[in-house]
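Analysis of the macromolecular model
The lines below spell out each chain.
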Amino acid sequence: MASTTPVAIIGAGLSGLSLALALHHQNIPSVLYETQAAPLDIGGAIMLSPNALRILDRLNVFQPLEARGYKFEQLYFRSGDDELVDEFEFGSAEKYGYSALRVYRYELINVLLDLVTQAGIRIEYGKKFDHIISETEQGVTWQFADGSESNAPLLVGADGIHSRVRQHLYPGLVAKFTNMLGITAAIPTAQLQASDDYSLPVTIMNPKHGAFVIAPQLVDGSEVLVGKQYRFTGPEPDREGWKKITSDKKWAVDFLRQGHENFPAIVDNATSSLSETKVNVWPFYLLPKLDTWASEKHARVVILGDAAHAIPPTAGQGVNQAFEDVYTFAGVVGKLGSESQLGAPGILKSALKNWQNGRQARIDRVLEVNDQINKRRMPSNEDVEFKPIDLEWLYSADFDKMVAEYAGSLE
Ligand SMILES: Cc1cc2nc3c(=O)[nH]c(=O)nc-3n(C[C@H](O)[C@H](O)[C@H](O)COP(=O)(O)OP(=O)(O)OC[C@H]3O[C@@H](n4cnc5c(N)ncnc54)[C@H](O)[C@@H]3O)c2cc1C
């Protein structure tokens with residue numbers, strides 16, 4: 001039987017839930033399928049910049065979220081001997097309308113879930129997408145891992161970096177392990193014993209031991225994340241291997257302490273007491289640039305968020321770019337109009353091509369910012385005076401204008 005819900009979304013993570021909401025704002029019903037048995041808290045906090053916060057504001061997420069996160073505007077960088085050497089703007093209420101917000105991932109998931117529930121959007125948990133059975137001009141039919149089948153005019157893979165939906169577009173393509181792991185822990189801010197004028201969040205760069213990050217979280221800043229990147233040697237672990245690495249946290253605590261005597265005192269204090277229960281291990285994966293985010297044949301299968309692009313963490317734009325995908329995608333689909341128009345061959349395809357080109361152009365610029373930041377972090381560049389990085393285009397973006405351009409309806 002043909003489904004009457006125009007859009008099916010695979011994955012109820014940050015992209016999937018926000019997409020369901022953004023579609024709801026366009027009066028487009030959707031249904032979510034999530035492989036986990038219940039909403040998943042993978043731990044940790046994320047940093048949201050004004051581009052994403054503007055979108056979350058449009059979706060009525062910002063107001064309830066604002067009270068749950070830590071506000072800040074600059075990221076500070078210090079040398080190994082604790083000199084302030086650089087700053088990177090992450091938000092500005094004055095310039096862009098929003099300070100940056102650092103908030104626990106589960107807080108954001110909970111706000112999104114509340115709004116999704118209020119909107120009457122259905123989420124089916126314990127439903128693992130397996131593969132596409134067929135795709136026609138009218139829609140797509142797929143199978144879940146439990147053998148059941150479903151169909152919809154449009155299927156969106158918001159199923160993360162290891163996306164199965166992406167297999168329909170790129171059979172055999174897997175995300176590449178970068179051999180880097182982010183190792184983080186949460187500690188009380190008081191443990192730092194930092195003076196009141198010591199600006200946070202800060203990254204302290206040590207030529208031998210790499211960068212040590214300290215970033216406040218919780219609304220009152222009473223907790224900080226501390227972290228370093230770990231270079232993994234040996235072959236990429238399999239599922240069981242990852243389970244072992246991410247569940248046994250003793251090695252991660254030892255790693256965070258390693259070399260503390262070569263950092264300023266604040267790092268020594270930060271690592272003097274670390275609880276294994278507050279430690280997170282985050283492997284970094286990358287994807288090659290993908291030529292298309294919609295199936296070539298009929299554009300009835302689309303990927304977005306981490307499923308379409310995995311952005312290195314340098315500029316902190318991973319999830320922020322996912323929100324840009326979601327809002328502009330929903331806007332474009334909304335402009336195409338009703339369910340019946342969604343079915344019009346060709347129109348959807350060309351609108352989605354414009355959408356992807358526009359999105360990719362912004363992601364390319366984010367990658368350039370990443371490169372600029374990385375260059376500034378090279379130890380040999382310590383004495384060079386840097387020009388400020390232009391971020392106006394990133395943080396002040398007008399997403400409704402972009403939607404109009406992608407949908408080809410701009411006068
Ligand atoms: C510890 C950590 C810290 C991070 N910090 C930051 C940060 O500070 N700033 C930033 O911008 N980014 C950060 N990121 C990256 C950011 O989390 C991702 O960009 C973001 O989560 C992408 O969201 P997503 O919804 O596209 O994918 P995901 O969050 O991976 O969600 C995918 C969802 O799909 C589900 N799923 C997967 N396969 C299937 C299937 N076959 N069937 C059904 N459901 C499926 C999953 O269970 C999951 O719920 C961080 C990531 C981690 C892990």
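Residues numbered from 1 in each chain as written. Predicted model: local features only at pLDDT ≥ 70, side-chain atom pairs only at ≥ 80, totals over all residues. Heavy atoms only, no water.

**Here we look at the site of the ligand**
Around the ligand, the structure places 29 residues, and the nearest of them are Ser15, Glu34, Arg105, Asp306 and Val319. Thr35 has a polar backbone atom sitting 3.1 Å from a nitrogen atom of the ligand. Protein chains shield 83% of the accessible area of the ligand, which is 1000 Å² for the free molecule. Mapped by element, the contributors of at least two residues to the shell around the ligand are helix H1 (14-25), strand E2 (30-34), strand E3 (45-48) and helix H10 (318-336). When grouped by side-chain class, the residues that make up the shell around the ligand number eleven nonpolar, eleven polar and seven charged. (Near = heavy atom within 4 Å. Polar contact = N/O pair within 3.5 Å; in protein donor to acceptor, adjacent residues only side chain to side chain. Areas by Shrake-Rupley, 256 points an atom, 1.4 Å probe, with all protein chains shown as cover. Helix = DSSP H or I, 4+ residues; strand = E, 2+ residues; numbered from the N terminus. Nonpolar A, V, L, I, M, F, W, Y, C, P; charged D, E, K, R; others polar.)

**Here we look at the environment of Ser148**
Relative to the helices and strands, Ser148 resides in the loop between strand E10 (140-144) and strand E11 (149-152). Setting aside anything within four residues of it in sequence, one finds Ser148 in contact with Lys127, Trp142 and Gln143. A polar atom in the side chain of Ser148 sits 2.6 Å from the side chain of Asp146. (Contact = heavy atoms within 4.5 Å.)

**Some words on the domain arrangement of the protein chain**
Along its sequence, the protein chain is carved into domain 1 (7-69 + 103-175 + 287-406) and domain 2 (177-285). The partner domain 2 presents twelve residues to the 14 residues of domain 1 that form the contact. A buried area of about 1000 Å², summed over both sides, lies between domain 1 and domain 2, and 63% of it is on carbon and sulfur atoms. Our enumeration of links across domain 1 and domain 2 arrives at zero salt bridges. (Domains from an automatic or database assignment. Buried area = accessible area lost by both parts, 1.4 Å probe. Salt bridge = Lys/Arg side-chain N within 4 Å of Asp/Glu carboxyl O.)

**A short note on the sheet that holds strand E4 (residues 70-72)**
Strand order in the open sheet formed by three strands is E3-E7-E4, with antiparallel pairing between adjacent strands. Across the chains shown, the open sheet's two edge strands, defined by having one partner strand only, are E3 and E4. Neighbouring strand axes in the sheet, compared pairwise and without regard to direction, differ in orientation by 20° on average. Looking at chain direction, E4 and strand E7 (residues 100-104) are connected through three bridges and run antiparallel. In the strand pairing of E7, Tyr70 is matched with Arg102. Sheet contacts for helix H5 (residues 105-118): E3 and E7; angle to E7, the most-contacted strand, approximately 90°. (Pairing = 2+ DSSP bridges. Axes fitted to C-alpha atoms, helices over the stretch in contact; angles between N-to-C directions.)

**A few points about the layout of surface pockets**
Looking at the second largest pocket, its volume works out to about 170 Å³. Lining the second largest pocket are 15 residues, with Gly44, Tyr104, Ala186, Lys278 and Asn280 sitting closest to its centre. If you list the elements that add at least two residues to the lining of the second largest pocket, you get strand E13 (176-188) and strand E17 (279-286). The greatest single-element share of the lining of the second largest pocket, amounting to three residues, is contributed by E13. The residues that make up the lining of the second largest pocket include at least three from each of domain 1 (7-69 + 103-175 + 287-406) and domain 2 (177-285). (1 Å grid on protein atoms, 1.4 Å probe; cavity = no way out; pocket = protein on both sides within 12 Å on 5 of 7 lines; lining within 4 Å. Points joined across faces, edges and corners; volume = space filled by probe spheres on them.)

**What about the environment of Ala407?**
Tracing the chain through its elements places Ala407 in the segment after helix H14 (399-406). The partly exposed category is assigned to Ala407, whose relative accessible area is 23%. Sequence separation of Ala407 and Leu348 is 59 residues, and the distance between their C-alpha atoms is 9.1 Å. (Buried < 20%, exposed > 50% of the residue type's maximum accessible area, 1.4 Å probe, protein only.)

**Here's the deal with the sheet that holds strand E8 (residues 122-125)**
Strands belonging to one sheet form pairs held by backbone hydrogen bonds; the direction of such a pair is parallel or antiparallel. Here five strands make up an open sheet; going across it, the order is E8-E2-E1-E12-E18 and the pairing parallel. This sheet does not close on itself; its edge strands, each paired only once, are E8 and strand E18 (301-303). Across the sheet, the mean angle separating the axes of adjacent strands is 20° when strand polarity is ignored. Note that strand E1 (residues 7-10) and strand E12 (residues 154-157) share four bridges and pair parallel. The partner of Ile9 across the bridge, within E12, is Val156.

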